[in-house]
Amino acid sequence: QVMTMGSVFPAGSWRRKRTEKNGWILLDVLLALSLSALTLTALLPLAGQTARLDRRCQIEEALLRQHVNVEETLFQALRYGQEVEVAPAEVRFHTSQGTARGFAVRHQSLYVRLSDGRYQPLTGGGSTVKGRFLAILPLDGQPFFSRTGRAVQVAFLLKEKRSGLSRPVQFAVWPLNEGEL
């Protein structure tokens, strides 16, 4: 008597299990893609916000650098200038060597008067963020340059047009070579 044993694996069972395994792999892939898409969707606004904040910081840094540069240049020149003449949009003086110099605000830019009488821009171009224009505007309706006694007062708003960010520049200088009060 021969004993026959039934097959341990019924016919087609191997194929069925493999199909189920492939089905699970497909579901795993779909789940991973869904989670990736949700994560990306959540992080994209954060990346955009970071880029905007970085841009704002770059503009504020450019405004600060321009402010320091302009204030230092004006202060030093006016501090040691002689025979200072002040008009609302221009200030003129002579250097210790007797050359006529000065500063003027024209077309929303600050210009320095060279010894030959020509004007050269001091603000507005190269030191801005990727060529963005920094304008010189009146500060609270005050003249750009004024005089109270011996003090020469400087007041203007340094503004980056596109972003609307601005920085006030306001100080007073007492020229050393103007004589006593």
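These numbers were taken from a predicted model, which means no experiment stands behind them.

A. Inspection of a nonpolar patch on the surface at higher detail. Residues Trp 24, Ile 25, Leu 26, Leu 27, Val 29, Leu 30 and Leu 33 make up a contiguous nonpolar surface patch of about 730 Å² in total accessible area. Its place among the elements puts Leu 30 in helix α1 (residues 13-79).

B. Broad picture of unusual backbone geometry. Positive phi, normally seen in glycine, also occurs at Glu 83, with a value near 50°. On the secondary structure map, Glu 83 appears in strand β1 (residues 82-87). A relative accessible area of 52% means that Glu 83 is categorised as exposed. Notably, His 107 is not glycine yet its phi reads approximately 55°, a positive angle. Considering the arrangement of structural elements, one finds His 107 in the loop between β3 (100-106) and β4 (109-113).

C. Spotlight on the packing of aromatic side chains. Taken as a whole and judged by the stated rule, the model has 2 aromatic pairs. On the numbers, 6.4 Å between centres and 55° between planes, the contact of Phe 75 with Phe 171 is tilted. Separated by 96 residues along the polypeptide, Phe 75 in helix α1 and Phe 171 in strand β9 (residues 166-173) bring together distant segments of the chain. Residue classification places Phe 171 among the buried positions, given a relative accessible area of 11%. Sitting over the ring of Tyr 119, Arg 106 keeps its end group 4.1 Å from the ring centre.

Each value, and the rule that gives it
- Residues numbered from 1 in each chain as written.
- Predicted model: local features only at pLDDT ≥ 70, side-chain atom pairs only at ≥ 80, totals over all residues.
- Heavy atoms only, no water.
- Patch = residues over 30% accessible without salt bridge, like charges linked within 9 Å, V, L, I, M, F, W, Y side chains within 5 Å.
- Areas by Shrake-Rupley, 256 points an atom, 1.4 Å probe, with all protein chains shown as cover.
- Salt bridge = Lys/Arg side-chain N within 4 Å of Asp/Glu carboxyl O.
- Helix = DSSP H or I, 4+ residues; strand = E, 2+ residues; numbered from the N terminus.
- Buried < 20%, exposed > 50% of the residue type's maximum accessible area, 1.4 Å probe, protein only.
- Phe/Tyr/Trp six-rings, centres within 6.5 Å; stacked < 30°, edge-to-face > 60°.
- Lys NZ or Arg CZ within 6 Å of the ring centre and 35° of its normal.

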